[in-house]
Amino acid sequence: MIRTSSIQTPRPRAWNLLNLPWLGPFLRWRYARPAMQSVMLLVAALLLFDGFLGPQLAYKNIATVSAWVHYRGFLMLALLVFGNFFCMVCPFMLPRKGAKWLQARLHLARGWPTWLPQKGIAIVLLVLFFWSYEAFNLWKSPWLTAWVALGYFGAAFLTDLFFKGAAFCKHICPVGQFNMLYSTISPTEIAVVEMDICESCVTKDCIAGRDGIPGCELHLFQPKKVGNLDCTFCLDCVHACPYDNVGILSRVPGAELLSTARRSGIGRLSERFDIAFLILVLSFGAFMQAFGMIPPVYELEAWLAARLGLRTEAPVLALIFVVGLIVLPLALVSGTAWLSQRGGRGMESLKETIARFAPGMVPIGAGMWAAHYAFHFFSGALALIPVLQSFIEETIGADLLGKPRWDLAGLLTLNQILVVESFFLYAGLLGSLLLSWLIAAQVYRTQRRTLLGWLPWATLFLLMLGTGMWIMLNPMEMRGTICF
Ligand code: SF4
Ligand code: SF4
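Residues numbered from 1 in each chain as written. Chains lettered and ligands numbered in written order. Predicted model: local features only at pLDDT ≥ 70, side-chain atom pairs only at ≥ 80, totals over all residues.

Student: Would you mind showing me how to read unusual backbone geometry here?
Tutor: Positive phi, close to 55°, is recorded for F233, a residue that is not glycine. Looking at where F233 falls in the secondary structure, it is placed in the loop between α11 (205-208) and α12 (236-240). Residue F233 is classed as buried on the basis of its C-beta count, with 26 C-beta atoms lying within 10 Å. One non-glycine residue, L235, lies in positive phi territory at about 75°. Among the secondary structure elements, L235 is positioned in the loop between α11 and α12. On the neighbour-count criterion, L235 (21 C-beta atoms within 10 Å) is buried. (Helix = DSSP H or I, 4+ residues; strand = E, 2+ residues; numbered from the N terminus. Buried ≥ 20, exposed ≤ 12 C-beta atoms within 10 Å, placed from the backbone.)

This is the structure:
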């Protein structure tokens, strides 16, 4: 039996989404997730069909427009206003039922190798994705976009065939890492409703499972779970708990990033340098992805190619992305952590200081992602209408949805979009300044040491804001849409 002696302290009463009429009963229904995943599977099938067989023009194809304009925009929106909705409805996880069935019959199950950093493969895949998105112009190619989606299905199936639990979600999926990290600033979390009930619970079905419902396959034991890290919102714990004691609860966005508690399935954040590094790669990735779409990157590429005598773009981009995603973040953050330690007279090692303060970077990273995706979404949201009109016309041979309106594209003007982008960037800055201040207060204790230990981080975040605004003020490529 699992002991609950170090159960967390009770939280203030929160608002539970599962108590809402209609939505609550639906989400409590055992097959709610497969139902939502099935809808998304149909969307994925449409994407694959058009991506492989449809017109190979980005602005005319469902694969490129839906994946690079709409999916990313809605994903960020869902994280900011709800939680990890896109892991909840993820269609890549549907075929894994088959993988688990085969795994049990063929006795293939094995644990994740302990010598591998838990987020190591995901970080490598994220860096590869950021580079390949530019090097192979994924946004421009319906065919390659469809291959990426198909590859995802295959990778998820194979990983879950050979490894126990939800190894693909926890250790490999780059989109999942993005969702799980940025859901730390979401306004809801999957959590225990009444700690008292857990204290007296003997079966612990939320982790052990019952009646064919798996317990948490990401190894998050509800009474000791903190926040949304590593949580896919799969609802298994909601369905497995015999006391209906797990809910989707409201909470203060980002507050979990301050928690120093040992987290179930994760450990202490201050001891997880791989998670700190994931935060760095995703935060700087936000800036690098946007930087890859503005004119100065082409000037930099041309200059580097001339200096290094390179004729193809891929190695030049590889150099830019390795520096921008690994070398520069490590150098900047190490310098900042060193200055912070000196100012705050902290006793922690440099690595511990980085791991302690890295969560403070989550809001500004999220702000930059939101600003970037807002640009593509608001400049191309309506492009899906003519794409669907054209798809129906070409597939069925009749214009059931009317003649394609290729003049439709943006929802807002470029000036209005700039206001939205600035809002997200400044909101991210404020979040990071506040979080890092509170972290500094935990680490350095006295007010003077807190201020001196916080100033280097505040300077870094202001630099990031300046870089973000500079990027957004540059003309950005319209991707997946026609530019009139
Ligand atoms: S099964 Fe329910 S009551 Fe028991 S420990 Fe898990 S969440 Fe608490
Ligand atoms: S805690 Fe585990 S079982 Fe519950 S929603 Fe999150 S990932 Fe799923």
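Student: Is there a simple way to explain the nonpolar core in this structure?
Tutor: Nonpolar side chains in soluble globular proteins tend to be buried together. Grouped together as the largest cluster of nonpolar side chains are 134 residues, with contacts concentrated most on L278, I279, V281 and A374. Examining the composition of this core, we find that 14 residues originate from one element, helix α13 (residues 273-291), more than from any other. Mapping this core onto the domain boundaries places at least three of its residues in each of domain 1 (17-258) and domain 2 (269-473). Once residues lying within four places of it in the same chain are set aside, the contact partners of V281 are I123, L126, V127 and L325. (Core = buried A, V, L, I, M, F, W, Y, C linked by C-beta atoms within 7 Å. Domains from an automatic or database assignment. Contact = placed C-beta atoms within 7 Å.)

Student: Explain the pairing of strand β1 (residues 188-192) to me, please; I cannot follow it from the model alone.
Tutor: Residues in a regular strand project their side chains so that they alternate between the two faces of the sheet. For β1, the buried fraction is high: five of the five residues fall into the buried class. Here β1 pairs with strand β2 (residues 246-250) via five bridges, running antiparallel. Residue pairing for β2: V192 is matched across the bridge by V246. (Pairing = 2+ DSSP bridges.)

Student: Would you explain the packing of helix α9 (residues 174-182) against α13 in this entry?
Tutor: Packed helices, taken two at a time, are described by the angle between their axes plus the distance between the axes. Across the interface, α9 lies against α13 with an axial gap of 11 Å and an inter-helix angle of 100°. Classed by the angle they form, the pair α9 and α13 counts as roughly perpendicular. Residue-level inspection shows Q177, F178 and L181 of α9 in contact with α13, the latter providing L278, I279 and L282. (Axes fitted to C-alpha atoms, helices over the stretch in contact; angles between N-to-C directions. Parallel < 35°, antiparallel > 145°, perpendicular 65-115°, else oblique.)

Student: What am I meant to see in the site of ligand 1 here?
Tutor: Around ligand 1 sit 13 residues in total, of which C198, C201, C206, Q222 and C241 are the nearest. Where the shell around ligand 1 is concerned, the elements lending two or more residues are α10 (195-200) and α11. Of the residues belonging to the shell around ligand 1, the class tally is nine nonpolar, two polar and two charged. (Near = placed C-beta within 6 Å. Nonpolar A, V, L, I, M, F, W, Y, C, P; charged D, E, K, R; others polar.)

Student: Got a minute to help me understand the site of ligand 2 in this structure?
Tutor: The immediate surroundings of ligand 2 are formed by I190, C216, L218, L220, K225, C231, T232, F233, C234, L235, D236 and C237. Broken down by class, the residue content of the shell around ligand 2 amounts to nine nonpolar, one polar and two charged.

Student: Before we go on, may I ask you to explain the domain arrangement of the protein chain in this structure?
Tutor: For the protein chain, the domain assignment lists domain 1 (17-258) and domain 2 (269-473). Using only C-alpha atoms to locate each centre, domain 1 and domain 2 end up separated by 22 Å. Tallying the contact residues gives 36 residues for domain 1 and 37 residues for domain 2. Secondary-structure elements contributing two or more residues to the side of domain 1 that touches domain 2 are α3 (62-81), α6 (120-135) and α9. Of all the elements, α3 adds the most residues to the side of domain 1 that touches domain 2, at ten residues.

Student: Any chance you could explain helix α19 (residues 414-444) here in plain terms?
Tutor: Side chains that are three or four residues apart share a direction in an α-helix, a result of its 3.6 residues per turn. Counted at 1.5 Å a residue, the expected span for α19 with its 31 residues is 45 Å, and the 44 Å between its end C-alpha atoms agrees. One or two positions beyond α19, positive phi appears at R445, with a value near 65°. (Expected span 1.5 Å × (residues − 1).)

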